[in-house]
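What follows is the residue order along each chain.
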Amino acid sequence: MDAIHRGIEMGALGIESLAVAIILIATTHGTIGFIVNTRREVPDAYEQYKVRLGRALLLGLELLVAADIIRTVALEPTLPNVIILAVLVVVRTFLSWSLVVEIEGHWPWKR
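Counting restarts for each chain, with residues numbered from 1 along the sequence as it is written. Only residues with pLDDT of at least 70 get local features here, since the model is predicted, and only at 80 or more are side-chain atom pairs given and counted; chain-wide, interface and lining totals rely on the full set of residues. Excluded from the side-chain calculation are hydrogens and water; included are all heavy atoms of the structure.

Peer 1: Teacher, can you tell me more about the packing of aromatic side chains here?
Peer 2: The geometry of an aromatic ring pair is captured by two quantities: the separation of the ring centres and the angle between the planes. In this analysis, rings of Phe, Tyr and Trp, with Trp reduced to its six-membered ring, are considered paired at centre separations within 6.5 Å, and the interplanar angle assigns stacked below 30 degrees, edge-to-face beyond 60, and tilted for intermediate values. Scanning all chains against the criterion turns up one aromatic pair. Between F34 and Y49 the ring centres are 4.7 Å apart and the planes differ by 25 degrees, which places this aromatic pair in the stacked class. Here F34 is found in helix α1 (residues 2-39), whereas its partner Y49 is found in helix α2 (residues 45-75), with 15 residues between them in sequence. The helix count covers DSSP runs of H or I at least four residues long, the strand count covers runs of E at least two residues long, and both are numbered beginning at the N terminus.

Peer 1: I would appreciate a short explanation of the nonpolar core in the present structure.
Peer 2: Nonpolar side chains in soluble globular proteins tend to be buried together. Formed by V51, L58, L61, L99, V100 and I103, the largest nonpolar core amounts to six residues. Every element with two or more residues in this core is listed here: α2 and α3 (79-104). The contact criterion used is simple: two residues touch if any of their non-hydrogen atoms lie within 4.5 Å. Setting aside residues up to four positions removed in sequence, L58 forms contacts with S96, L99, V100 and I103. Throughout this description, the term nonpolar core refers to a set of buried Ala, Val, Leu, Ile, Met, Phe, Trp, Tyr and Cys residues connected via side-chain atoms within 4.5 Å. For every residue, the accessible area obtained with a 1.4 Å probe (protein chains only) is divided by the maximum for its type, and the residue is called buried under 20%, exposed over 50%, and partly exposed between those limits.

Peer 1: Can you walk me through the pattern of salt bridges in this structure?
Peer 2: When their charged atoms lie close together, side chains carrying opposite charge are able to pair. We define a salt bridge as a side-chain nitrogen of Lys or Arg found within 4 Å of a carboxyl oxygen belonging to Asp or Glu. The full count for this structure, using the stated rule, is six salt bridges. Here R71 and E9 are joined by a salt bridge, their closest N and O atoms 3.1 Å apart. Residue R71 is located in helix α2, and its partner E9 is located in helix α1; the two are separated by 62 residues in the primary sequence. By relative accessible area, which is 30% here, E9 ends up partly exposed. With its nearest N and O atoms 3.3 Å apart, the salt bridge here joins K50 to E47. On the criterion of helical spacing, the pair formed by K50 and E47 is a turn pair, its members being three residues apart in helix α2. When its relative accessible area of 17% is taken as the criterion, K50 is described as buried. Taken together, the shared-partner salt bridges in this structure form one network comprising E9, E16 and R71.

Peer 1: Just to check I follow, could you spell out the environment of T72 for this structure?
Peer 2: Following the sequence through the fold, T72 ends up in helix α2. For T72, a relative accessible area of 13% corresponds to the buried category. As for T72 and A12, which are separated by 60 residues in sequence, their C-alpha atoms are 9.8 Å apart. In contact with T72, other than residues within four places in its own chain, are P77, N81, V82 and L85.

Peer 1: Even after reading the chapter, I still don't get the packing of α2 against α3, so can you show me in this structure?
Peer 2: Two quantities define a packed helix pair, namely the angle between the helix axes and the distance between the axes. Axis lines are fitted to C-alpha atoms, over the contacting stretch for helices. Their N-to-C directions set the angle, which ranges from 0 to 180 degrees. Between α2 and α3, the least distance of the axes is 10 Å, while the angle of their chain directions is 165 degrees. Classified by the interaxial angle, the pair formed by α2 and α3 is roughly antiparallel. Here α2 runs over α3; the crossing is left-handed. Contacts between α2 and α3 involve K50, V51, G54, R55, L57, L58, L61, L64, V65, D68, I69 and T72 from the first element and N81, V82, L85, L88, V89, R92, L95, S96, L99, V100, E102 and I103 from the second. Looking at the contact of α2 with α3 residue by residue, the class counts come to 15 nonpolar, four polar and five charged. The labels follow the angle: roughly parallel below 35 degrees, roughly antiparallel above 145, roughly perpendicular from 65 to 115, and oblique for the rest. Crossings are classed by handedness, with left-handed meaning an anticlockwise turn of the near helix from the far one by less than a right angle and right-handed meaning a clockwise turn. Side-chain classes are defined by residue name, with Ala, Val, Leu, Ile, Met, Phe, Trp, Tyr, Cys and Pro counting as nonpolar, Asp, Glu, Lys and Arg as charged, and the others, Gly among them, as polar.

If you want it as structure tokens, here you go:
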């Protein structure tokens, strides 16, 4: 059973690492693209930058939520941990909605 717990923990850690890598790579790539587009005087360079960063952050947040769910449900499904998970999911969901509004200009359910 101990090996299973270690495997689940490593899986959750891998998902978190992937989320951080996606955010870092997308931020770097987006920033370089923004600088290039600004020098080329692309009219909507900032909008493109904002959308790229927003999408990367959304994906990163979703992966972080998945890692938290895996860790909480599979490893330590105690009431305090589930409550902490619920709070994290609510905060990250609010952040995701805020990013969608910033990117698309409307709430996710108003498509």
